[in-house]
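In case you want the letters, here they are:
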Amino acid sequence: MRKAAALIHAGGLVAFPTETVYGLGAAINDPEAIKKIFTVKSRPAANPLIVHIAHPDQFGEVAAAVPETARRLAGCFWPGPLSLVLPRAPEVSPLVSAGLSTVAIRMPDHPVALALIAAAKVPVAAPSANLSGRPSPTSARHVLEDLAGKIEAVLDGGPCPVGVESTVLDLSGARPVILRPGAITPEELAAVLGSTPVMAFAHAGNASPRPGMKFRHYAPRSRLYLITGPPGRRHRLAVRLTRYFCSRGLPAAHFNPAEFGFLSRKEPSRLAHSFYAALRSYDQAGIRIILAEEIPSCGVGATIMNRLRLAATRVLHA
Ligand code: TXA
Ligand code: MG
């Protein structure tokens, strides 16, 4: 941990496990290191980073003002997969939040992440440790698949327990707004806030995505067709298309969530754990087309559906 903190102090990039996905960390007070994060990930310069802290007391080092709602949510969900967007403290480099006047902050629930941030003695800016557009990494091997040779180190803490990213909640306006659905569900937030937060992300409800949201995200190299509709019909279409593509010499795979631990409708969190690993495994196996079935949008299932829609090259309704 001392070595990792020394690398961060020397301007290096260190990948580390969190409970959600692996992050790619740099000191928030090192503009050159922050720039390097964008370069090695090929991340669009307009996409801000999340600042990771080791203790709620560090809130004040990063946010210009901490409203009571933020303290209450942090009290309930930290350490944990909730990122809070608040006005940015002037000491935090604007590079961290892509020039915005706000900053996203979270305290991760992982002993390795917390030890690294504590050892670095400074909050750590960290996006997911993947190449931009690829599925997020949930193991050290995934990090190296994307970034070997481009970063100083990865701390191997084994597979991430949660497996999907934090929920990003904007508290900088008049009403709380979910900017990215994640591991903490709207229902859980509503229980603390007293009302359901506004949803303002791509594919919220049935609204067509805004133009900037149309690019693929969280995506494997293979093409991904998302198949929606009633369970029996979508299953039959997925099976039929998989056979069709294979018969044409195109390696295709039927992504049936049940095969990846989604055995009970009540347990989407078990699918979340292996979701990104599953997407990456198709690339490893040389699959060219994934026929992915819709899953029920209850609990974390809604977050996985958000990721599937953003990863999809096409959506077919059975
Ligand atoms: O679980 C996670 O959140 C992981 C781990 C490593 O903590 N991190 C992660 O970071 O997923 P990244 O960079 O892949 O996603 C950060 C998200 C992006 O959707 C970004 O647009 C949003 O947070 N974000 C960050 N700062 C923001 C801000 N000031 N205002 C609005 N959105 C912000
Ligand atoms: Mg990411």
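Look up a bit, the structure's there.
The model shown is predicted, which means the values in this text are computed figures rather than measured ones.

Let's shift gears to the overall build of the protein chain. Along the backbone of the protein chain there are 10 helices and 14 strands. Dimensions of the protein chain, computed from C-alpha atoms along their principal axes, come out at roughly 60 × 45 × 35 Å. Restricting the contact set of the protein chain to residue pairs at least 6 apart, pairs at least 24 apart contribute 69%. A total accessible area of about 13,600 Å² is found for the protein chain, and carbon and sulfur atoms account for 56% of it. Distance between charge centres in the protein chain, computed from 35 positive and 21 negative side chains, equals 10 Å.

As summarised here, the arrangement of the 10 strands in space is β7-β1-β2-β6-β3-β5-β4-β8-β9-β10, forming an open sheet in which the pairing is mixed. Each of the sheet's edge strands pairs with one partner strand only, and the pair in question is β7 (153-154) and β10 (198-199). Sheet topology note: the strand β1 (residues 14-16)/β7 ladder contains two bridges and is parallel. Counterpart to A15 in the pairing with β7 is V154. Sheet strands touched by helix α2 (residues 31-41): β2 (23-27) and β6 (124-125). Its angle to β2, the strand with the most contacts, is close to 155°.

Residues L73, W78, L82, L84, I105 and L189 are the most contacted members of the largest nonpolar core, which totals 60 residues. Those residues in contact with L73, other than ones at most four positions away along the chain, are W78, L82, L84, L169, L171, L189, V192 and L193.

Here we take up the site of ligand 1. As a matter of local geometry, ligand 1 sits amid 22 residues, with T20, R43, N47, H52 and S166 nearest to it. Separating an oxygen atom of ligand 1 from a side-chain N or O atom of H52 is a distance of 2.6 Å. Coverage of ligand 1 by the protein chains reaches 88% of its 680 Å² of free accessible surface. Secondary structure elements with two or more residues in the shell around ligand 1: β3 (50-52), β5 (102-106) and β9 (177-180). Here the shell around ligand 1 takes four residues from β5, the largest share from any one element. Of the residues belonging to the shell around ligand 1, the class tally is 11 nonpolar, seven polar and four charged.

In the case of a regular strand, side chains alternate between the two sheet surfaces. Side chains A252 and H254 of strand β12 (residues 252-255) all project onto a buried face; the interleaved residues A253 and F255 project onto the opposite face, where all are buried too. As judged from the four bridges shared by β12 and strand β13 (residues 289-293), these two strands associate in the parallel manner. From the neighbouring strand, H254 faces β13, where its bridge partner is L291.

In this structure, P79 follows W78 across a cis peptide bond, with omega equal to -10°. In this model, K121 sits at a positive phi of 60°, which is unusual for a non-glycine residue. Summarising the element assignment, K121 is placed in the loop between α5 (111-120) and β6. The class for K121 is exposed, based on a relative accessible area of 70%. Of note, Y218 is a non-glycine position whose phi angle comes to about 55°, a positive value. Looking at the secondary structure, you find Y218 in the loop between β10 and β11 (223-228). Judged by its relative accessible area of 10%, Y218 falls in the buried class.

What follows concerns the environment of G173. With respect to the secondary-structure elements, G173 resides in the loop between β8 (167-170) and β9. The spatial distance from the C-alpha of G173 to the C-alpha of M199 is 13 Å, given a sequence separation of 26 residues.

What follows covers the side chain of R280. Its place among the elements puts R280 in helix α9 (residues 268-284). Polar side-chain contacts of R280 include one of 2.8 Å to the side chain of E145. Every residue in contact with R280, bar those within four places of it in the chain, is listed here: N130, R134, P135, S136, P137, H142, E145 and D146.

The rules we used
Residues numbered from 1 in each chain as written. Chains lettered and ligands numbered in written order. Predicted model: local features only at pLDDT ≥ 70, side-chain atom pairs only at ≥ 80, totals over all residues. Heavy atoms only, no water. Helix = DSSP H or I, 4+ residues; strand = E, 2+ residues; numbered from the N terminus. Contact = heavy atoms within 4.5 Å. Areas by Shrake-Rupley, 256 points an atom, 1.4 Å probe, with all protein chains shown as cover. Lys, Arg positive; Asp, Glu negative; His and termini not counted. Charge placed at Lys NZ, Arg CZ, Asp CG, Glu CD. Pairing = 2+ DSSP bridges. Axes fitted to C-alpha atoms, helices over the stretch in contact; angles between N-to-C directions. Core = buried A, V, L, I, M, F, W, Y, C linked by side-chain atoms within 4.5 Å. Buried < 20%, exposed > 50% of the residue type's maximum accessible area, 1.4 Å probe, protein only. Near = heavy atom within 4 Å. Polar contact = N/O pair within 3.5 Å; in protein donor to acceptor, adjacent residues only side chain to side chain. Nonpolar A, V, L, I, M, F, W, Y, C, P; charged D, E, K, R; others polar.

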